[in-house]
Amino acid sequence: MRNKLYRKEIETPIGMMTACTTEEGVCFLEHPNAKGLARELNALLKTCDTKVFAEGENAVMQLLERELRAYFAGELRTFTVPIDMRLGTDFQRSVWQTLLKIPYGKTWSYKEEAAALGRPKSVRAVANANGANPISIVVPCHRVIGADGSLTGYGGGLAAKEHLLNLEVSDQKSEISG
């Protein structure tokens with residue numbers, strides 16, 4: 001079965017991002033300097049049983065762009081754009097589903113994430129799965145930090161991770177003081 005796969009570069013305050021969507025949802029949102037970008041895009045094409053990206057954009061891409069603008073403007077805390085998790089193993093997808101449970105403006109350690117997943121001894125595997133998350137921001141792997149509170153790896157770089165966390169924390173502070 002062939003699935004149309006749309007690709008677009010989206011400008012954000014943390015730099016240009018590559019987005020891919022199907023009719024079912026967003027399946028890829030990544031920083032261009034992320035390790036393995038070309039390999040992930042090729043895997044996505046194969047998973048969608050196509051050799052090329054579709055021309056134009058679909059309604060999912062349009063919604064993703066609107067929601068990213070609103071998120072970066074501090075006007076959106078919960079994404080409603082549908083997610084189409086096509087890449088990854090069953091374990092990775094379960095880790096990414098767990099990331100969706102981390103509240104806006106909050107952080108978890110990898111240990112807390114592993115416990116929430118029901119696999120408290122799998123901290124390293126959880127950390128590796130986070131690193132393979134193909135849907136940045138919408139699936140908020142940026143909300144996971146080291147047990148000591150330090151910022152740890154992020155595909156878009158630590159400066160981008162810090163920007164995202166500061167955006168969410170400052171948005172919450174302005175709501176409290178407003």
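Everything numeric in this text was worked out from a predicted model, so none of it was measured.

### Some remarks on the overall build of the protein
Turning to step 1, where the next piece is worked out: A count of helices and strands for the protein gives 6 helices and 5 strands.
Turning to step 2, where the next piece is worked out: Along its sequence from the N terminus, the protein presents helices and strands in the succession β-β-β-α-α-α-β-α-α-β-α.
Turning to step 3, where the next piece is worked out: Against the compact-globule benchmark of 16 Å for 178 residues, the protein has a radius of gyration of 16 Å, which places it among compact chains.
Turning to step 4, where the next piece is worked out: Principal-axis analysis of the C-alpha atoms places the extent of the protein at approximately 45 × 40 × 25 Å.
Turning to step 5, where the next piece is worked out: Partitioning the contacts of the protein with sequence separation of at least 6, the portion at a separation of at least 24 is 60%.
Turning to step 6, where the next piece is worked out: If you sum the accessible surface of the protein, you get close to 9100 Å²; carbon and sulfur atoms cover 52% of it.
Turning to step 7, where the next piece is worked out: With 22 positive and 21 negative side-chain charges, the protein shows a separation of 7 Å between the mean positions of the two kinds.

### Notes on the sheet that holds strand β3 (residues 26-30)
Turning to step 1, where the next piece is worked out: The strand order across the open sheet formed by 3 strands is β1-β2-β3, and the pairing between neighbours is antiparallel. Pairing within the sheet leaves two strands with one partner each, and these edge strands are β1 (6-12) and β3. Sheet twist, expressed as the average angle between the axes of neighbouring strands with direction ignored, equals 20°.
Turning to step 2, where the next piece is worked out: Judged from the 7 bridges that link them, β1 and strand β2 (residues 15-21) form a sheet pairing that is antiparallel. Pairing of T12 across the sheet is with G15, part of β2.
Turning to step 3, where the next piece is worked out: Along the sheet face, helix α1 (residues 37-47) touches β1, β2 and β3 and points at about 170° away from the line of β3.
Turning to step 4, where the next piece is worked out: The sheet contacts of helix α2 (residues 59-72) involve β1, β2 and β3, and relative to β1 the element is tilted by about 15°.

### Here we look at the layout of surface pockets
Turning to step 1, where the next piece is worked out: Each pocket or cavity is described by its volume, and for the largest pocket that value is around 380 Å³.
Turning to step 2, where the next piece is worked out: Along the walls of the largest pocket sit 19 residues, with N130, G131, A132, Y154 and G155 positioned nearest its centre.
Turning to step 3, where the next piece is worked out: Every element with two or more residues in the lining of the largest pocket is listed here: α1 and α5 (123-131).
Turning to step 4, where the next piece is worked out: Looking at which element gives the most residues to the lining of the largest pocket, the answer is α5, with 3 residues.

Here is what the cut-offs are and how they apply
- Within each chain, residue numbers correspond to sequence positions counted from 1 in written order.
- Local features are withheld for residues below a pLDDT of 70 in this predicted model, meaning they are given only at 70 or higher, and side-chain atom pairs are given and counted only at 80 or more; totals for whole chains, interfaces and linings count all residues.
- With hydrogens and water excluded, all non-hydrogen atoms of the structure serve as input to the side-chain values.
- A run of H or I in DSSP becomes a helix once it reaches four residues, and a run of E becomes a strand once it reaches two; helices and strands are each numbered from the N terminus.
- The atom set for the radius of gyration is the C-alpha atoms, and the globule formula is 2.2 Å times the number of residues raised to the power 0.38.
- Every residue pair with non-hydrogen atoms within 4.5 Å of one another is taken to be in contact.
- Residue-level accessible areas treat just the shown protein chains as cover; the underlying method is Shrake-Rupley with a 1.4 Å probe.
- The charge count includes Lys and Arg as positive and Asp and Glu as negative, but it does not include His or the ends of the chains.
- By convention, the point assigned to a charge is CZ for Arg, NZ for Lys, CD for Glu and CG for Asp.
- What makes two strands pair is DSSP finding at least two bridges between them.
- For helices, the fitted axis covers only the stretch in contact; all axes are lines through C-alpha atoms, and the angles between them, taken along N-to-C directions, range from 0 to 180 degrees.
- Buriedness of a pocket was judged along seven lines, with at least five required to meet protein on both sides within 12 Å; pockets are open sets of points on a 1 Å grid over the protein atoms alone, cavities are sets where a 1.4 Å probe fits but cannot get out, and lining residues have an atom within 4 Å of a point.
- Grid points are joined across faces, edges and corners, and a volume is the space filled by probe spheres set on the points.

Everything listed here is a matter of coordinates, which is why it stays silent on function.
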